[in-house]
Amino acid sequence: MWMFSLQRRYLHFSLCLMKKLKGKTPAEQRWLRRQLKDPYVKASQVQNFRCRSAFKLLEIDDKFRLLQPGYTVVDCGAAPGAWSQVAVQRVNSGVTDPELPRGMVVGIDLLNIPPLDGAHFLSNCDVTDPATHAKLLELLPHGKAHVILSDMAPNASGFREMDHEKLITMCLSLIDLAEKILQPQGSLLCKYWDGILAHKLQETLSSVFSSVRTLKPDSSRKDSAERYFLARMYRRPIK
Ligand SMILES: C[S@@+](CC[C@H](N)C(=O)[O-])C[C@H]1O[C@@H](n2cnc3c(N)ncnc32)[C@H](O)[C@@H]1O
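Residues numbered from 1 in each chain as written. Predicted model: local features only at pLDDT ≥ 70, side-chain atom pairs only at ≥ 80, totals over all residues. Heavy atoms only, no water.

As annotated in an unreviewed UniProt entry, the protein chain carries the name rRNA methyltransferase 2, mitochondrial and is attributed to Maylandia zebra. As recorded by UniProt, the Catalytic activity (unreviewed entry) comment attached to the protein chain reads in full: "uridine(1369) in 16S rRNA + S-adenosyl-L-methionine = 2'-O-methyluridine(1369) in 16S rRNA + S-adenosyl-L-homocysteine + H(+)". (UniProt positions renumbered as here; feature names shortened; annotations may be inferred.)

Caption draft 1: Helix α7 (residues 160–181), seen in detail. Spanning 22 residues, α7 covers 32 Å between terminal C-alpha atoms, matching the ideal 32 Å at 1.5 Å per step. Of all the positions in α7, only D163, H164, L167, I168, M170, C171, S173, L174, I175, L177, A178 and I181 are classed as buried. On its buried face, α7 is in contact with β1 (72–76), α6 (130–139), β4 (145–150), β5 (182–193), α8 (198–208) and β7 (226–234). (Helix = DSSP H or I, 4+ residues; strand = E, 2+ residues; numbered from the N terminus. Expected span 1.5 Å × (residues − 1). Buried < 20%, exposed > 50% of the residue type's maximum accessible area, 1.4 Å probe, protein only. Contact = heavy atoms within 4.5 Å.)

Caption draft 2: Expanded view of the domain arrangement of the protein chain. Taken as a whole, the protein chain is organised into domain 1 (2–37) and domain 2 (53–234). The centre of domain 1, based on its C-alpha atoms, is set 35 Å off from the matching centre of domain 2. (Domains from an automatic or database assignment.)

Caption draft 3: Just the environment of V74, in detail. Secondary-structure assignment places V74 in strand β1. Sequence separation between V74 and K144 is 70 residues; the distance between their C-alpha atoms is 9.6 Å. Other than its neighbours up to four places away in sequence, V74 contacts V106, I108, L136, L140, A145, V147, I148, L149 and I181.

Caption draft 4: Just the packing of α7 against α8, in detail. Close contact between α7 and α8 brings their axes to 10 Å; oriented N to C, the two are set at 5°. On the basis of their axis angle, the class for α7 and α8 is roughly parallel. Where α7 abuts α8, its residues H164, I168, C171, L172 and I175 lie against A198, K200, L201, T204, L205 and V208. In terms of residue class, the contact of α7 with α8 is made up of 8 nonpolar, 2 polar and 1 charged. (Axes fitted to C-alpha atoms, helices over the stretch in contact; angles between N-to-C directions. Parallel < 35°, antiparallel > 145°, perpendicular 65-115°, else oblique. Nonpolar A, V, L, I, M, F, W, Y, C, P; charged D, E, K, R; others polar.)

Caption draft 5: Representation of the pattern of salt bridges in the model. Applying the stated criterion across every chain yields a total of 7 salt bridges. Two residues, R90 and D61, come together in a salt bridge whose shortest N-O distance is 2.9 Å. Here R90, found in helix α5 (residues 82–91), pairs with D61, found in helix α4 (residues 54–64); they are 29 residues apart in sequence, far enough to count as distant. As a salt-bridge pair, D62 and R90 come within 2.8 Å of each other at their nearest N and O atoms. Taken together, the residues D62 in helix α4 and R90 in helix α5 connect sequence positions 28 residues apart. Overall, the relative accessible area of 43% leaves D62 in the partly exposed class. Given the relative accessible area of 21%, R90 is considered partly exposed. Each of K56, D151, K191 and E226 takes part in salt bridges that share partners, so that together they form one network. (Salt bridge = Lys/Arg side-chain N within 4 Å of Asp/Glu carboxyl O.)

So, in structure tokens, the structure goes:
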């Protein structure tokens, strides 16, 4: 009996897959197959996260307790909003627990970010643009944040070195942002793609943060060059 039910489920799954793959290019088919097999994609649907990246931040935060109730968080490259969903829960900006202090989450992206209770979004804004920094300064309590998160990524050109350099430049711009808005002792978590300039970014971070470590969460795909720097205990640069 169970064998019959298993065969039926397999047949149903294969038919659905064939329907979804119809009319797609080989690259789209590969992407779709990978998505359908990915346990984090399934879990994000079950837990109502906007995308699988939520699990990377959950994993990092479970280990390092970066996001505390009452904290102010700036989420750079926030669309579609999964990291902001995690941040809203962890800093209590949606006041799910009235006993705990209320935090604040501000997300920024070049794209539109669909609204989310407990978060302020600056859609269609460039994180590297001083005009965006000015908007942030107005929004943040006393113009300061406890944590800057960045899962920003440029559109991949397919040229690995070029994409790596572009993302490193974007990460370096976060250090200018930190100088304007990050509290002393604050933290910065930023994604980069590994490559020759990673050490330069690490060195620059180490010049203004007392602790910098490299992270590769289990939920980050093994075959991807994606890594994160977690920089803690910010100290303002001496000029
Ligand atoms: C991997 S996605 C982020 C996913 C997000 N962390 C989440 O959990 O939903 C990278 C995002 O970075 C954004 N991005 C790239 N360059 C940016 C920039 N200069 N300013 C703001 N956002 C940027 C892209 O538009 C894209 O939405």
